[in-house]
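Analysis of the macromolecular model
Here is what each chain is made of, one letter per residue.
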Amino acid sequence: MAVRPILLYPDSILKRRAAPIDSSDPALPTFIEDMLDSLAASPGVALAAPQIGYALRLIVVDVTRKKGEQGHGLLVLLNPHILHFDSPRIVREGCLSVPDFTGNVRRYDHAMVEATTPEGQRTVLSVSGFEALAFQHEIDHLEGVLFLDRIESLSTDLFRRKAQG
Amino acid sequence: MLSVYGADRPGIVAKVARIVADHDGNITDVNTRVIGTPEQPVYVMLLEVLLPPDQEPVQLERALEALKSSLGVDVSLRTIEQLRF
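Residues numbered from 1 in each chain as written. Chains lettered and ligands numbered in written order. Predicted model: local features only at pLDDT ≥ 70, side-chain atom pairs only at ≥ 80, totals over all residues. Heavy atoms only, no water.

As a further point, take the interface of chain B and chain A. With 20 residues of chain B at the interface, the matching set in chain A holds 17 residues. When the buried surface of chain B facing chain A is broken down by residue, Tyr 5, Arg 33 and Ile 35 of chain B rank first, second and third, together holding 35% of it. Taken together, the links from chain B to chain A amount to 0 salt bridges. Between chain B and chain A we count 9 residue pairs in polar contact (both at pLDDT 80 or more) in total. Sorting the residues of the side of chain B that touches chain A by element identifies strand S1 (2-7), strand S2 (26-36), strand S3 (41-50) and strand S4 (73-77) of chain B as the ones contributing at least two each. It is S2 of chain B that contributes the most residues to the side of chain B that touches chain A, 6 residues altogether. (Contact = heavy atoms within 4.5 Å. Buried area = accessible area lost by both parts, 1.4 Å probe. Salt bridge = Lys/Arg side-chain N within 4 Å of Asp/Glu carboxyl O. Polar contact = N/O pair within 3.5 Å; in protein donor to acceptor, adjacent residues only side chain to side chain. Helix = DSSP H or I, 4+ residues; strand = E, 2+ residues; numbered from the N terminus.)

Here it is as structure tokens:
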């Protein structure tokens, strides 16, 4: 069990393009375990490896951690990328690595994501709604992109997060 | 649309504005915020920049890239498509 701290901007790893990872990498099981442990210990629904200090194209997503959300359940994916997206909308999103603030960004309500499973199988997923948004956010992390790169106005698109009751 | 953000320090506005001016860019809108935590404040600046038709955004982008190391900021530039109906 290794819960690693979530790195906060301006940690430079968050702005770096992450490197591809191979399913035969002998360190992969450790990376995955750390990702799952860190996700379980966080209030979020997804994590990208750079957020815990690994500059690798590895994400974990489980939107069912949010009450009422449905999706594919827990997914661990290597080298994910978006093949296609449609139905743009503006959503207000936050990020564990940029605490206390949320921003209005343009995302897509539906996406086709291609990735590799930890077992080395290619997979294509159709994701929609909240799960599609989570994928776009995490794949941005793999490119070194934060929601701060996507907002268009600090006065109308950036908000201090409301205090949790 | 130009996003500049990084650890808060003096000179960020001045150096970004200088580079935009050197590329004949006109700053038509700018706003700034300090976010992050009290221990680690992050300065965020968003600028709308109008470039003359003969000026390629890529040249401005390259010049801004140099700021990343000298000022310790992150920079992203994206073009806004103008549509007329």
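What follows is about the pattern of salt bridges. Enumeration according to the criterion identifies 10 salt bridges over all chains in this entry. The partner of Asp 149 of chain A in a salt bridge is Lys 15 of chain A, and the shortest N-O contact between them spans 2.7 Å. Within this pair, whereas Asp 149 of chain A is found in the loop between helix H2 (129-142) and helix H3 (154-157), its partner Lys 15 of chain A is found in the segment before helix H1 (28-40), the two being separated by 134 residues in sequence. Overall, the relative accessible area of 7% leaves Asp 149 of chain A in the buried class. Of the charged contacts in the structure, one is a salt bridge between Glu 65 of chain B and Lys 68 of chain B, with a shortest N-O distance of 3.0 Å. (Buried < 20%, exposed > 50% of the residue type's maximum accessible area, 1.4 Å probe, protein only.)

Bringing the side chain of His 137 of chain A into the picture now. Topologically, His 137 of chain A is positioned in helix H2. The residues touching His 137 of chain A, leaving out its near neighbours within four places in the chain, are Glu 93, Gly 94, Cys 95 and Arg 107 of chain A.

In this section: the packing of aromatic side chains. All names here are of chain A. According to the stated counting rule, one finds 3 aromatic pairs over all chains in the structure shown. Note that Lys 66 overlies the ring of Phe 130, its terminal NZ or CZ placed 4.6 Å from the centroid. Between the NZ or CZ atom of Arg 92 and the centre of the ring of Phe 159, over which it lies, the distance is 3.3 Å. (Phe/Tyr/Trp six-rings, centres within 6.5 Å; stacked < 30°, edge-to-face > 60°. Lys NZ or Arg CZ within 6 Å of the ring centre and 35° of its normal.)

So, about unusual backbone geometry. Residue and element names in this part refer to chain A. In this chain, Tyr 9 is followed by Pro 10 through a cis amide linkage whose omega measures 20°. Here Pro 10 shows up in the segment before H1. With a phi close to 65°, Ser 87 is a non-glycine residue in the positive phi region. Relative to the helices and strands, Ser 87 is located in strand S3 (residues 75-95). Located in the positive-phi region is Asp 100, a residue other than glycine, with phi close to 75°. For Asp 100, the location among the structural elements is in strand S4 (residues 98-116).

What follows is about the sheet that holds S4 of chain B. Residues and elements named next belong to chain B. Read across the open sheet, the 4 strands follow the order S2-S3-S1-S4; overall the sheet is antiparallel. Among the strands making up the open sheet, the edge pair consists of S2 and S4. Strand-to-strand twist in this sheet, taken as the mean axis angle between neighbours without regard to direction, amounts to 15°. Against the sheet, helix H2 (residues 57-71) makes contact with S1, S3 and S4, and its axis sits at roughly 170° relative to S4, the strand it touches most. (Pairing = 2+ DSSP bridges. Axes fitted to C-alpha atoms, helices over the stretch in contact; angles between N-to-C directions.)

Taking every second residue as pointing to the same face, the buried face of strand S5 (residues 122-128) of chain A carries Thr 123, Leu 125 and Val 127 of chain A, while none of Arg 122, Val 124, Ser 126 and Ser 128 of chain A on the other face is buried. What sits between the antiparallel neighbours S4 of chain A and S5 of chain A is a turn of 5 residues, in which Gly 120 of chain A has the positive phi angle 95°.

This part is about the confidence of the model for chain B. All names here are of chain B. Predicted confidence across chain B gives a mean pLDDT of 90, with 95% of residues reaching 70 or more. Averaged pLDDT values for the elements of chain B fall to 91 in S2 and rise to 95 in helix H1 (residues 12-22). Listed scores for the predicted complex are pTM 0.89 and ipTM 0.76. (pLDDT = per-residue confidence, 0-100.)

Now for empty space enclosed by the protein. Inspection of the entire model under this criterion finds 2 cavities of 30 Å³ or more. Of the volumes computed, that of the largest cavity is approximately 70 Å³. Leu 8, Tyr 9, Val 98 and Pro 99 of chain A together with Ile 35, Gly 36, Thr 37, Gln 40 and Val 42 of chain B are the residues that line the largest cavity. Breaking the lining of the largest cavity down by element, the ones donating at least two residues are S4 of chain A together with S2 of chain B. Considering only residue class, the lining of the largest cavity consists of 6 nonpolar, 3 polar and no charged. Roughly 40 Å³ of internal volume is contained in the second largest cavity. A total of 3 residues in the lining of the second largest cavity trace back to one element, the largest contributor, which is H2 of chain A. Looking at side-chain class alone, the lining of the second largest cavity contains 4 nonpolar, 2 polar and 3 charged residues. (1 Å grid on protein atoms, 1.4 Å probe; cavity = no way out; pocket = protein on both sides within 12 Å on 5 of 7 lines; lining within 4 Å. Points joined across faces, edges and corners; volume = space filled by probe spheres on them. Nonpolar A, V, L, I, M, F, W, Y, C, P; charged D, E, K, R; others polar.)

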